[in-house]
Amino acid sequence: MTTGLHHLLGIADMSKGQFLALLHNARELVEVSERALKKVPALRGRTVINFFLEASTRTRTSFELAAKRLSADAINLTGSSSSVTKGESLRDTARTLAAMAPDVVVIRHHEAGAAHLLARELRGCAVVNAGDGMHEHPTQALLDCLTLWEVFDERLTGDLTVAIVGDIRHSRVARSNIIAHRLLGNRVRLVGPPTLVPSQFADELEFGSHCSVHHSAEEGFADVDAVMCLRMQLERAAGGYVPTLEEYAREYCLTPERLEVAKPDCRVLHPGPLNRGIEISEAVAESNRALVERQVTHGVAVRMATLLALATRPGRSEIDA
Ligand code: CP
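Okay, so let's go over this structure. These numbers were taken from a predicted model, which means no experiment stands behind them.

## Let's talk about helix H6 (residues 172–184)
The first and last C-alpha atoms of H6 sit 18 Å apart over 13 residues, in line with the 18 Å expected at 1.5 Å per residue. With 10 of 13 residues buried, H6 lies mostly within the body of the structure. Gly185 occupies a position one or two residues after H6 and carries a positive phi of about 85°.

## Thoughts on the nonpolar core
One finds Phe19, Val104, Val106, Ile164, Leu190, Val227 and Leu307 to be the most contacted residues of the largest nonpolar core, which totals 87 residues. The next biggest cluster of nonpolar side chains, apart from the first, holds 17 residues, and it includes Leu97, Ala115, Leu118 and Val127.

## Description of the site of the ligand
By nearness alone, every residue bordering the ligand is listed as Ser56, Thr57, Arg58, Thr59, Arg108, His137, Gln140, Pro271 and Gly272. At 2.6 Å, a side-chain N or O of Thr59 approaches an oxygen atom of the ligand. One of the side-chain N or O atoms of Arg108 is found 2.9 Å from an oxygen atom in the ligand. Protein contacts shield 91% of the accessible area of the ligand, which totals 250 Å² for the unbound molecule. Along the lines of polarity and charge, the residues of the shell around the ligand split into one nonpolar, six polar and two charged.

## Some words on helix H11 (residues 292–311)
With 20 residues, H11 extends 29 Å between its outermost C-alpha atoms, agreeing within 8% with the 28 Å of an ideal straight helix rising 1.5 Å per residue. Counted residue by residue, H11 has 15 buried out of 20 residues, so it is predominantly covered.

## Describing the packing of helix H2 (residues 58–69) against H11
Two quantities define a packed helix pair, namely the angle between the axes and the distance from one axis to the other. Where H2 meets H11, the closest approach of the two axes is 8 Å, and the angle between their N-to-C directions is 55°. Taken together, the axis directions place H2 and H11 in an arrangement best described as oblique. Taken as a pair, H2 and H11 cross one another with a handedness that is right-handed. Residues Arg58, Thr59, Ser62, Phe63, Leu65, Ala66, Ala67 and Arg69 of H2 form the contact with H11, whose participating residues are Val296, Gly299, Val300, Arg303, Met304 and Leu307. When the residues that make up the contact of H2 with H11 are grouped by side-chain class, the tally is eight nonpolar, three polar and three charged.

## So, the pattern of salt bridges
Evaluated as defined, the whole model comprises 13 salt bridges. The closest approach of N and O atoms between Glu121 and Arg95, which form a salt bridge, is 3.4 Å. You can see Glu121 sitting in helix H4 (residues 114–121) and its partner Arg95 sitting in helix H3 (residues 90–98), a full 26 residues away along the chain. Residue classification places Arg95 among the partly exposed residues on the basis of a relative accessible area of 48%. The partner of Asp225 in a salt bridge is Arg155, with the nearest N and O atoms 2.9 Å apart. Remark: Arg155 occurs in the loop between helix H5 (138–152) and strand S5 (161–165) and Asp225 occurs in the loop between helix H8 (217–221) and strand S8 (226–229); sequence separation between them is 70 residues. Accessibility expressed as a relative area gives 1% for Asp225, which makes it buried.

## As for the sheet that holds S8
Across a sheet, paired strands are connected by hydrogen bonds in the backbone, their directions being either parallel or antiparallel. With parallel pairing, five strands are arranged side by side in an open sheet as S7-S6-S5-S8-S9. The open sheet is flanked by strand S7 (211–214) and strand S9 (267–269), the only strands paired with a single partner. On average, adjacent strands in this sheet sit at an angle of 20° to one another, irrespective of strand direction. In this structure, S5 lies alongside strand S6 (residues 187–191), joined through five bridges in parallel fashion. Paired with Thr161 across the bridge in S6 is Arg187. Across the sheet, H5 is in contact with S5, S8 and S9; its angle to S9 comes to roughly 165°.

## Structural notes on the layout of surface pockets
Its volume calculated, the largest pocket comes out at about 410 Å³. Lining the largest pocket are 20 residues, and of these Arg108, Arg172, Arg231, Gly272 and Pro273 sit closest to its centre. Only H2 and H6 provide two or more residues apiece to the lining of the largest pocket. Approximately 190 Å³ is the volume attributed to the second largest pocket. Along its surface, the second largest pocket is lined by Leu274, Arg276, Ala285, Glu286, Ser287, Ala290, Leu291, Val292, Glu293 and Arg294. A per-element tally of the lining of the second largest pocket places H11 first, with three residues. Here the residues of the lining of the second largest pocket sort into five nonpolar, one polar and four charged.

Each value, and the rule that gives it
Residues numbered from 1 in each chain as written. Predicted model: local features only at pLDDT ≥ 70, side-chain atom pairs only at ≥ 80, totals over all residues. Heavy atoms only, no water. Helix = DSSP H or I, 4+ residues; strand = E, 2+ residues; numbered from the N terminus. Expected span 1.5 Å × (residues − 1). Buried < 20%, exposed > 50% of the residue type's maximum accessible area, 1.4 Å probe, protein only. Core = buried A, V, L, I, M, F, W, Y, C linked by side-chain atoms within 4.5 Å. Near = heavy atom within 4 Å. Polar contact = N/O pair within 3.5 Å; in protein donor to acceptor, adjacent residues only side chain to side chain. Areas by Shrake-Rupley, 256 points an atom, 1.4 Å probe, with all protein chains shown as cover. Nonpolar A, V, L, I, M, F, W, Y, C, P; charged D, E, K, R; others polar. Axes fitted to C-alpha atoms, helices over the stretch in contact; angles between N-to-C directions. Parallel < 35°, antiparallel > 145°, perpendicular 65-115°, else oblique. Left-handed = near helix turned anticlockwise from the far one by under 90°. Contact = heavy atoms within 4.5 Å. Salt bridge = Lys/Arg side-chain N within 4 Å of Asp/Glu carboxyl O. Pairing = 2+ DSSP bridges. 1 Å grid on protein atoms, 1.4 Å probe; cavity = no way out; pocket = protein on both sides within 12 Å on 5 of 7 lines; lining within 4 Å. Points joined across faces, edges and corners; volume = space filled by probe spheres on them.

Shape descriptors only; they carry no functional weight alone.
Here is the structure:
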């Protein structure tokens, strides 16, 4: 299905039609990774640059695999291996990359808005936001929704209640998922201590009436279809927002006992990496409720669909010239 996307910068920039088109395309691409020969020629001769200025295992690897499984030429540039370490600005880096005529640049950056800046500078080239500061992580929301779609089928569009628990204040994953579920018509419960999920948070950030805030895990998880645990982001100072990690775990760590109030078939998502024993117990992480590895598998398919949509979008040269 045609998505009409020129870049993928955030779920906030997408229509429901574009979001669902990308999900449909991704679902069809899952089987490529299940073949013995995991390669299709769709992007032969196209170039994808993965430019990661923050640590990543899942996102960087899956974008590289996605490009290679579509037969594109994939180049990986990290912060430590780029001239950013010599003080080159993001704007100058963008101009340098543009001069090499890539078709798609994928960027992860610690600053919110970095992908938007790159999209303005890189004329003729599509940009994908692989996570920008505390702002958005759109392909994560897409792969989370693809995973929920596989389990809940047509209930994905308007019949799900999803709890997101943890460090919502610092989470680009939460933000992209909240906006995605608003597009899909689902209800979202934001669960955590007041320091990480302020009472007025949903209103202040204009997340909409589909979103409610709960400081009690028992109340937040009651009758939900899915719980998404967020990683405690120690590198973004989440540690300073709770007295101790042990205390946080006592109130909010997802344990089998805490899940008893959820629907009997409630499933558990986590974007990874997992802090076992802090936001998710070993027992839940290893249970058949947990969809963590399926999320990773779907990450490759979502990133294939994204690269395919952007590198082959119709009228590309007229739009970007
Ligand atoms: N979920 C996620 O973005 O993981 P990485 O930081 O490993 O890419």
